[in-house]
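As a plain string of letters, each chain reads:
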Amino acid sequence: MQIPKGLEPMVPSTADALAAERTKAQFSVEEMHRFIIDEESRIKMAKVVKILESEPETFDQRNTYFLSRQEKMDHALKIGKRLIELFKEGKLAHDEITTADTLLDVNGPFGLHRAMFIPTLVNQATPEQKELFLKPAENYEILGCYAQTEIGHGSNLQGLETTCTFIPETDEFEIHSPNIRACKWWIGSLGVTATHAMVMANLIVGGKNYGPNPVVVPIRSIADHKPLPGVTVGDLGPKFGFNTMDNGFLLLDHVRVPRINLMQRYINVSRDGKVSRPANVDPKVAYGTMVYVRTLIVRNMSQVLAKATTIALRYTSMRRQFAGKSDKPTPNNVESPVLDYGMVQYRLIPLLAQNYAMFATSQAFAAHYDECMKELNSGNFGPLKELHATACGLKRWTSDVAIHGIDTCRHVCGGHGFSQFSGLGEFFGNAYPNIIWEGDNYVLSQQTARFLITQVRALRAGKRVADNQTSRYLRKHLPTGHLDAVPGPAFVGRSIESLAADPEAQLDLLSYRAAAMASELVDQMDKEGQSWNKSLVAMQKLCDAHSDFIVASYFRRHLATLPASSPLLPTLNKIAALLFLYVLEQHSSDLFRLPGRAAFTSKQVNEVESLLTKYIEEIREQAIPLVDAFGVPEIKLNSALGRTDGKVYEDYLQWAMEDPLNREDTGNAIRREWFNKYYKPVLHAEANKNKQPKL
């Protein structure tokens, strides 16, 4: 099937429309790309894209939308196998395989081996254990997964029921699933792939429960891949998305493993059953893998959202509907680009600003994580609690924005957003688990709020609090833990326009909002006796307010690395100000509730809305250069609507023609079979009835 020849050219064409948008750039797109994407990532991505494009027979993703789940998994395994071969050939580094997975949007069965099994070994194994497990894992001589979640418990880690009991007679641990609730569930790379599982199980020594700790459990034979004795393991089946990953279940029936299989860097069980920990070790260090993965999620969400915003903004700048309906006149009664309509701008441009803030945040938080890991490795566990709270808040903030953002992008693409060829449908399903796994976002907010509540209570009790980015703003606004002990903050009485032009004032307002909410919540709980359960809604809002400040702070910190004369700054400062105004507009009720003279008036909120609209309209003119600066390659977009060359409708139609139902080879046979089995009996029912022999 081919597009008929001789069709009239489209005037104006979608390609011309996209090219015209690019001429509006007030900055160098390449320079902006170098600023927003760190150098290491740029070099890595360029190298990996070149390799992927050189082997289209393996890595091309154009056909993926037509595949069944089994075919998708087979394709993902083929890709994963080739990436491992390239790694062993020295053509790809270990972390470049992860870059390839991200570029291809393939959540393949080898993914959790790299993302969770190996990092747990790196961070929690002793040198002897690294020789035993890490080296073969890095060489893909064993394949691992991270088995924590159970069918009966996900967020409540203390409720896990799998046991790891020390057997002194044989110097072994016995790993056991005591009931169906304890069945490991949703474990990535477990369904058909893993040979070993890093099982989180309650460590029991001498009858005492030491809580969940990780232990390596062989589950399949390396020789023939069959389940080992006592192991019941399998795949969970089709899901809402993420169907190239073999999420699985695991039941362990009194499975014995050597004592050395328990990760013993932070907890040690001796031959005679004595349990010890290094001095000053926080037991939560056992959850270090989760903090690491949340750091990866924060980083990945910026790239996830960049694909969606690139597709949606490019498409809406080319898609034309109705003439004379927008505020911008078009020549010769030509229809207006959809992006010129205020409601489309309001949905997409703040999302673009959040995307830019996300890229800056991911870099800053990754650096913060690395610093904390250095402290932990030197024996200082002090920064762990604040790191954990920040990771929880940012994981929630970035994944909420990204996942809801993908759906917004799909929605603004209208009916065509419903097609898989938009690149947004299956993509949404694949990205969706990020708001649930590694801590459901609503539950994670409690972790961040708990830390803030603890800090406020410590200030009220006159106790010393560790110095970090959270305690600094709390001490500034709540030196004694109470708002009424401080004079009005610096932003009071200033116009919204002046606040939008003053980065320090913006951070002052955002941090004051979070501090005021924390103080109010502690009052409700400690003075009024409000229960934890009745405080949960307030905790969600507190977590979001805290994260709004942290993101804005990281964004401004990143902008401060540019010289004052940088031609990028006018646009970036406007994006940062737009994001600030959008936070205020979305949470105006918080502004009305600020104490005393800090409370906003209706007039100020109206000013916020007016100025936000103005900034949105101005940034709209730079929208295409701004998403071009993300540098999302075609192989990742995999979209007819978001094509870099703008040839949307041509590719969209061609893609539909490539459907197996429409291909001349497969399509003819399928349609012939369906005609004879289904259509013909219906269409010719009367004729067939008349041909029936009379009895």
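Anything mentioned here points back to the structure above.
Notes on the structure in this doc start here. Per chain, residue numbering runs from 1 following the sequence as it is written. Local features in a predicted model are, by the rule used here, given only for residues with pLDDT of at least 70; side-chain atom pairs are given and counted only at 80 or more, and totals for whole chains, interfaces and linings are based on all residues. Note: side-chain values were computed over all heavy atoms of the structure, leaving out hydrogens and water.

## Focus: the layout of surface pockets
The rule is simple: put a 1 Å grid over the protein atoms alone, call a set of points where a 1.4 Å probe fits but cannot get out a cavity, call an open set with protein on both sides within 12 Å along at least five of seven lines a pocket, and count a residue as lining if it has an atom within 4 Å of a point. Grid points are joined across faces, edges and corners, and a volume is the space filled by probe spheres set on the points. Empty space within the second largest pocket amounts to approximately 650 Å³. Contributing to the lining of the second largest pocket are 25 residues, with Gln-354, Asp-400, Val-401, His-404 and Gln-586 lying nearest its centre. Helix and strand assignments come from DSSP, with helices taken as H or I runs of at least 4 residues and strands as E runs of at least 2, each series counted from the N terminus. Where the lining of the second largest pocket is concerned, the elements lending two or more residues are helix H10 (342–377), helix H11 (384–412), helix H13 (441–460), helix H17 (536–559) and helix H18 (569–586). Looking at the lining of the second largest pocket, the element that brings in the most residues is H11, giving seven residues. For this classification, the nonpolar set comprises Ala, Val, Leu, Ile, Met, Phe, Trp, Tyr, Cys and Pro, the charged set comprises Asp, Glu, Lys and Arg, and every other residue, Gly included, is treated as polar. Considered class by class, the residues forming the lining of the second largest pocket number twelve nonpolar, seven polar and six charged.

## As for the sheet that holds strand E7 (residues 231–235)
Two strands are said to pair when DSSP picks up at least two bridges between them. Within the open sheet, the three strands sit side by side as E4-E8-E7. Their pairing is antiparallel. Where the open sheet ends on each side, the last strands, each with one partner, are strand E4 (184–187) and E7. Averaged over all pairs of adjacent strands, the angle between their axes in this sheet comes to 15°, without regard to strand direction. As paired elements, E4 and strand E8 (residues 248–252) share two bridges and run antiparallel to each other. In the sheet register, Lys-184 faces E8, and the bridge partner there is Leu-250. Axis definition: a line fitted to C-alpha atoms, over the contacting stretch in the case of helices. Angles run 0 to 180 degrees between N-to-C directions.

## Examining the packing of H10 against H18
The geometry of a pair of packed helices is captured by two quantities: the angle between their axes and the separation between those axes. Running from amino to carboxyl end, H10 crosses H18 at an angle of 115°, the nearest separation of the two axes being 9 Å. Relative to H18, H10 is oriented so that their crossing is left-handed. Taken together, the residues of H18 that come into contact with H10 (itself represented by Tyr-346, Ile-349, Pro-350, Ala-353, Gln-354, Tyr-356 and Ala-357) are Leu-572, Ile-575, Leu-578, Leu-579, Tyr-582, Glu-585 and Gln-586. Class assignment of the residues belonging to the contact of H10 with H18 gives a composition of eleven nonpolar, two polar and one charged. What makes a crossing left-handed is the near helix being turned counterclockwise from the far one by less than a right angle; a clockwise turn instead makes it right-handed. Residues count as neighbours in contact if any of their non-hydrogen atoms are within 4.5 Å of one another.

## Examining the pairing of strand E6 (residues 208–218)
Inspection of the sheet shows strand E5 (residues 196–205) paired to E6 by nine bridges, in the antiparallel sense. When the sheet's bridge partners are listed, Val-199 is paired in E6 with Val-215. Between E5 and E6, which pair antiparallel in sequence order, lie two residues; one of them, Gly-206, sits at a positive phi of approximately 60°.

## Comments concerning the side chain of Asp-340
Mapped onto the elements, Asp-340 comes out in the loop between helix H9 (288–318) and H10. A polar contact is formed between the side chain of Asp-340 and the side chain of Arg-620, at a distance of 2.8 Å. The contact partners of Asp-340, leaving out residues within four places of it in the chain, are Ser-326, Lys-328, Gln-345 and Arg-620. Under this definition, polar contacts are N or O atom pairs within 3.5 Å; protein pairs additionally need one hydrogen-donor-capable and one acceptor-capable atom, and for neighbouring residues in sequence, both atoms have to be side-chain atoms.

## Remarks on helix H24 (residues 664–683)
Helix span is expected to be 1.5 Å times the residue number reduced by one. The terminal C-alpha atoms of H24 lie 24 Å apart, and with 20 residues this falls more than 12% below the ideal 28 Å at 1.5 Å per residue. Of all the bends in H24, the greatest, near 50°, is centred on Phe-675. In this analysis the local bend is the angle between axes fitted, respectively, to the seven residues ending at and the seven residues starting at the residue.

## Here we look at the nonpolar core
Counting residues in each nonpolar core, the largest one holds 158 residues, and the members touching the most others are Leu-121, Tyr-356 and Phe-600. In terms of residue count, H10 provides more of this core than any other element does, 17 residues in total. Once residues lying within four places of it in the same chain are set aside, the contact partners of Phe-600 are Phe-491, Ile-496, Leu-509, Leu-584, Leu-591, Phe-592, Leu-594, Val-605 and Val-608. Of all hydrophobic cores here, the second largest spans 26 residues; its members include Ala-147, Phe-166, Leu-250 and Leu-262. Buried Ala, Val, Leu, Ile, Met, Phe, Trp, Tyr and Cys residues that are joined via side-chain atoms within 4.5 Å together make up what is termed a nonpolar core. Between buried and exposed lies partly exposed: a residue is buried under 20% and exposed over 50% of the maximum accessible area for its type, with that area taken using a 1.4 Å probe on protein chains only.

## So, the packing of aromatic side chains
Each Phe, Tyr or Trp ring (for Trp, its six-membered ring) is paired with any other whose centre lies within 6.5 Å, and the angle between the two planes then decides the class: stacked below 30 degrees, edge-to-face above 60, tilted in between. Here the structure, examined in full by the defined rule, presents 17 aromatic pairs. Between the aromatic rings of Phe-166 and Phe-173, the centroid separation amounts to 5.5 Å while the plane-to-plane angle is 55°, which identifies the pairing as tilted. The residues Phe-166 and Phe-173 share a single accessibility class, namely buried. For the ring pair Phe-421 and Trp-655, a centre distance of 5.2 Å and an interplane angle of 10° mean the geometry is stacked. Remark: Trp-655 occurs in helix H23 (residues 648–657) and Phe-421 occurs in the loop between H11 and helix H12 (425–431); sequence separation between them is 234 residues. Taken as a pair, Phe-421 and Trp-655 share a single burial class, namely buried. Taken together, the ring pairs in this structure connect Tyr-65, Phe-66, Phe-421, Tyr-652 and Trp-655 into an aromatic cluster. Note that Arg-62 overlies the ring of Trp-655, its terminal NZ or CZ placed 4.2 Å from the centroid. Whether a charge sits over a ring depends on NZ of Lys or CZ of Arg being within 6 Å of the ring centre and within 35 degrees of the ring normal. Its guanidinium or amino end placed over the ring of Tyr-442, Arg-396 lies 5.3 Å from that ring's centre, counting from NZ or CZ.

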